[in-house]
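Observations on the model geometry
Residue strings, one per chain:
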Amino acid sequence: MSQKSVMERLKKLMVLSRSSNPHEAAAALARAQQLMHEHQITEDDLVLSNVGDFACRFTWSAKTRPTKYQTCLWSMINAVFGVRSVFMEGSGQIRFYGLTDRAEIAAYTCDVLSRQLRQARADFLGAQNKRIKRTTKISRADNFAEGWILAVRSKAQRLVISPEEEQLLLRYEDTALGEMAEMTGRAAPPSRRSDQAFCDGHREGRKAQLHAPMAGEQRLAIAGEVP
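Cut-offs and rules
Residues numbered from 1 in each chain as written. Predicted model: local features only at pLDDT ≥ 70, side-chain atom pairs only at ≥ 80, totals over all residues. Heavy atoms only, no water. Helix = DSSP H or I, 4+ residues; strand = E, 2+ residues; numbered from the N terminus. Buried < 20%, exposed > 50% of the residue type's maximum accessible area, 1.4 Å probe, protein only. Contact = heavy atoms within 4.5 Å. Areas by Shrake-Rupley, 256 points an atom, 1.4 Å probe, with all protein chains shown as cover. Pairing = 2+ DSSP bridges. Expected span 1.5 Å × (residues − 1).

Focus on the overall build of the protein
A count of helices and strands for the protein gives eight helices and three strands. Along the chain direction, N to C, the helices and strands of the protein fall in the order α-α-α-β-α-β-β-α-α-α-α. The buried share of the protein, reckoned over its 227 residues, is 41%. Taking contacts inside the protein between residues at least 6 apart in sequence as the whole, the part at least 24 apart equals 71%. When the accessible surface of the protein is split by element, carbon and sulfur atoms take 50% of a total near 13300 Å².

Here's what the structure looks like:
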């Protein structure tokens, strides 16, 4: 029996161990303890097996210090799905961790929205006057992106995680990730008409869409166009 199969079996046994039938509960708990002993699995191992870690397939060009709009996007996804994320310096990859199903959807969401945002920002850059300095263009484009993300955030439902899940994620961080630096991003530098760029981004962000094949044709927390 593989480690994954053992973990799944243990989870089912732990559910049965809380049965209202005392004989069924006792038998399930005894079997669970036996399996844990045979496979050298601790209670912490079992608890932490509920946490999944998934990487977003899309990566931005920044490999060491992401921009503010990128960190805003990741923070928004964390809040929507009740997960956390860590930026992997060197690869430019962002990884989401939390209860397995939610972390997997968060990574998918990040991939879809990142591609939409990159295209929207590129279109905005392409529409700028060619005589404008590059630094000004980049500043406006970054402000545009921040506005875009704010619009997406405004129509997303935030998922509040329980204190128990909060503790679970803290334990996962200590066990699997170790010490992590706070994730901050490079803010867009000031420039003329940056406020207008932000407003333009907010307007475009209202068009962001996300659909995923889920049971019962469920739509995710971020979907459709706001009228």
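Text resumes after the structure shown.
Examining the pairing of strand β2 (residues 84-88)
Looking down a regular strand, the side chains alternate between one sheet face and the other. Where burial is concerned, most of β2 is hidden: four out of the five residues are buried. For β2 and strand β3 (residues 93-99), the ladder comprises five bridges, and the chain directions are antiparallel. When the bridges of β3 are listed, Arg84 appears paired with Tyr97. Taking the residues between adjacent antiparallel strands as the criterion, β2 and β3 are bridged by four residues, where Gly90 takes a positive phi near 100°.

Considering helix α4 (residues 68-81)
The terminal C-alpha atoms of α4, which comprises 14 residues, lie 20 Å apart, in line with the 20 Å expected from a rise of 1.5 Å per residue. Every buried residue of α4 is listed here: Tyr69, Gln70, Thr71, Leu73, Trp74, Met76, Ile77, Asn78, Ala79, Val80 and Phe81. Downstream of α4 by one or two residues, Gly82 has phi in the positive range, about 65°.

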